[in-house]
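# Survey of secondary and tertiary structure
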Amino acid sequence: HAVGAVIRETHGNGFVRRVDVLDEHGALHTVWAGEDSSPSDVPHDLLVTWPRTEFPVTGLKIWVDTGHNARGREAIDAVRLLGSPGAPRPKRTSP
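Conventions adopted
- Residues numbered from 1 in each chain as written.
- Predicted model: local features only at pLDDT ≥ 70, side-chain atom pairs only at ≥ 80, totals over all residues.
- Heavy atoms only, no water.
- Helix = DSSP H or I, 4+ residues; strand = E, 2+ residues; numbered from the N terminus.
- Buried < 20%, exposed > 50% of the residue type's maximum accessible area, 1.4 Å probe, protein only.
- Contact = heavy atoms within 4.5 Å.
- Patch = residues over 30% accessible without salt bridge, like charges linked within 9 Å, V, L, I, M, F, W, Y side chains within 5 Å.
- Areas by Shrake-Rupley, 256 points an atom, 1.4 Å probe, with all protein chains shown as cover.
- Salt bridge = Lys/Arg side-chain N within 4 Å of Asp/Glu carboxyl O.

### What about the overall build of the protein chain?
- In terms of regular secondary structure, the protein chain is built from 0 helices and 6 strands.
- Reading the helices (α) and strands (β) of the protein chain from amino to carboxyl end gives β-β-β-β-β-β.
- Taking all 95 residues of the protein chain together, 31% fall into the buried category.
- When contacts within the protein chain are restricted to residue pairs at least 6 apart in sequence, long-range pairs at least 24 apart make up 74% of them.

### Observations concerning a nonpolar patch on the surface
- On the surface, Val 64, Ile 76 and Val 79 cluster together into a nonpolar patch covering about 200 Å² of accessible area.
- Relative to the assigned elements, Val 79 resides in strand E6 (residues 75-83).
- Overall, the relative accessible area of 40% leaves Val 79 in the partly exposed class.

Here's what the structure looks like:
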């Protein structure tokens with residue numbers, strides 16, 4: 001279960017257009033779409049949030065606009081998935 005993500009933009013900021021989450025079965029679900037208002041020319045943590053998913057999230061797909069900045073490239077340094085505090089934790093199994 002997830003409620004958001006932090007996307008660390010380090011170059012050409014303002015290019016994130018959509019975020020999809022990946023469920024346990026490999027299906028993508030769009031959870032955020034919009035304009036990225038990150039300031040340019042400085043590293044920035046873009047925070048995107050959405051209502052808590054009803055299913056466990058195993059990954060993210062981040063859609064970007066690579067043509068928005070004619071002066072250079074775009075760069076993501078890191079991504080952090082934000083979980084829901086009320087989400088059940090998976091049971092650990094002994095080897």
